[in-house]
Amino acid sequence: MPPPGIVTPALISAIRGQAHLPRGCWYFVAGVALNALNLSAEIPTVFRHAIENGAGSPDTKVGLEEKLEIARKMRESLVKAAAICGLPKSINSLTELKRITPQDLLDEPLHYSPTSRPCELYDIPSSTILHRGQRYFDMIYGKVSKRVMSQMDRSGTEDLGITARLMYGYLLSNTSVLSPSETSYVLLAGLIPQDVNPQLKGHIRGALATGSTVEEVKAVRDIIIRICEASGMKRLDETAQSGWGWKAPIANL
């Protein structure tokens, strides 16, 4: 099992200082990677550092508006991570996060929702949301989007394709809090720790389709790998049948 206490000041400094890293994404990328690694207890350390030091340049005065943005992006990243890491992990991570979040940085039920998902669920026709999800899916997968969706529809159960459409419609294509590029970083942070290269290859290319540069995607990839390695993951020997790590080289651009 990975050792506890991997989020050290040195690790935070390293991932914040990664060259070409898109501004203001390091903390939620780290949070999702820790979520995927089932290290939800480490997420509060990242969050505290972000709201105390800011999402951009460290050691600057952080106002309430920026703290609220950080809190909302961290929560939204963990909600979207449920699509690829599983709902139980997101539940545990969001529970840990709420435990240490100041009251004025929470979005409580029956009040303002920054994502408007309650409205989308109850007041907007599902066809509208599902069409939005399909457009987002097509943007990510480009020329091969129809083939990818067809493979899921013909996987032995059409329900796999239905599940993908629901996740893209109601979770991933909602860009009210996280932009399309930021959502792609969430997906990379959830996929790399799981050693699922076929899906990772598609989403690395998909990140470029959202407007990210090659250097930015590589920088996001690098900090996720750094977090995974800090947890004890490593490249496994080709003959290894099991272990904590990657069975093949991690997909790259």
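Before reading further, recall that the structure is shown in the block above.
Here the structure is a predicted model, which is why all the values come from computation and not from measurement.

Caption draft 1: Expanded view of the overall build of the protein chain. Check the secondary structure of the protein chain and you find 12 helices and 2 strands. Shown N-terminal to C-terminal, the secondary structure of the protein chain runs as helices and strands in the order α-α-α-α-α-α-α-α-α-α-α-α-β-β. Scaling as 2.2 N^0.38, a compact globule of 253 residues should have a C-alpha radius of gyration of about 18 Å, and the protein chain matches this with 18 Å. With respect to the principal axes defined by its C-alpha atoms, the protein chain has extents near 55 × 50 × 30 Å. Pairs at least 24 residues apart make up 72% of the contacts formed inside the protein chain by residues separated by at least 6 positions.

Caption draft 2: Region of interest: the packing of aromatic side chains. For the structure on display, the rule yields 5 aromatic pairs. Ring plane angle 80 degrees and centroid distance 5.8 Å describe the contact between W26 and Y27, whose orientation is recorded as edge-to-face. Classification of Y27 by relative accessible area gives buried; the value is 1%. An angle of 90 degrees between the planes, with centres 5.5 Å apart, marks the rings of Y27 and F28 as edge-to-face. Using a relative accessible area of 0% as the deciding quantity, one classes F28 as buried. An aromatic cluster is present here, built from Y136, F137, Y141 and Y168 joined pairwise through their rings.

Caption draft 3: Focus on the packing of helix α2 (residues 26-36) against helix α10 (residues 180-191). The N-to-C vectors of α2 and α10 enclose an angle of 30 degrees; their axes lie 8 Å apart at closest approach. The orientation of α2 relative to α10 falls into the category roughly parallel. Judged by the sense of rotation from one axis to the other, the crossing of α2 with α10 is right-handed. Facing F28, V29, V32, A33 and A36 of α2, the residues of α10 in contact are E182, Y185, V186, A189 and G190. Across the contact of α2 with α10, the residue classes break down as 8 nonpolar, 1 polar and 1 charged.

Caption draft 4: Layout of unusual backbone geometry. At H20, a position not held by glycine, the phi torsion is positive, near 70 degrees. Relative to the helices and strands, H20 resides in the loop between α1 (9-16) and α2. Residue H20 is classed as exposed on the basis of its relative accessible area, which comes to 55%. The phi torsion at D195 lies on the positive side, around 55 degrees, for a residue other than glycine. Mapped onto the elements, D195 comes out in the loop between α10 and α11 (197-209).

Caption draft 5: Broad picture of the pattern of salt bridges. Across all of its chains, the model carries 10 salt bridges by this definition. We note a salt bridge from D107 to R75, for which the minimum N-O separation is 2.8 Å. Of this pair, D107 sits in the loop between α5 (87-100) and α6 (117-122) while R75 sits in helix α4 (residues 64-85), and the two are 32 residues apart along the sequence. You can call D107 partly exposed: its relative accessible area is 26%. Taking relative accessible area as the criterion, R75 reaches 16% and is therefore assigned buried. Between K247 and D195 there is a salt bridge whose closest N-O contact spans 2.9 Å. Residue K247 is found in the segment after β2 (245-246), and its partner D195 is found in the loop between α10 and α11; the two are separated by 52 residues along the sequence. On the accessibility criterion, D195 (17% relative accessible area) is buried. Several salt bridges share partner residues, and in doing so they unite E69, K73 and E182 into one network.

Cut-offs used in this document
- Residues numbered from 1 in each chain as written.
- Predicted model: local features only at pLDDT ≥ 70, side-chain atom pairs only at ≥ 80, totals over all residues.
- Heavy atoms only, no water.
- Helix = DSSP H or I, 4+ residues; strand = E, 2+ residues; numbered from the N terminus.
- Rg over C-alpha atoms; globule rule 2.2 N^0.38 Å.
- Contact = heavy atoms within 4.5 Å.
- Phe/Tyr/Trp six-rings, centres within 6.5 Å; stacked < 30°, edge-to-face > 60°.
- Buried < 20%, exposed > 50% of the residue type's maximum accessible area, 1.4 Å probe, protein only.
- Axes fitted to C-alpha atoms, helices over the stretch in contact; angles between N-to-C directions.
- Parallel < 35°, antiparallel > 145°, perpendicular 65-115°, else oblique.
- Left-handed = near helix turned anticlockwise from the far one by under 90°.
- Nonpolar A, V, L, I, M, F, W, Y, C, P; charged D, E, K, R; others polar.
- Salt bridge = Lys/Arg side-chain N within 4 Å of Asp/Glu carboxyl O.

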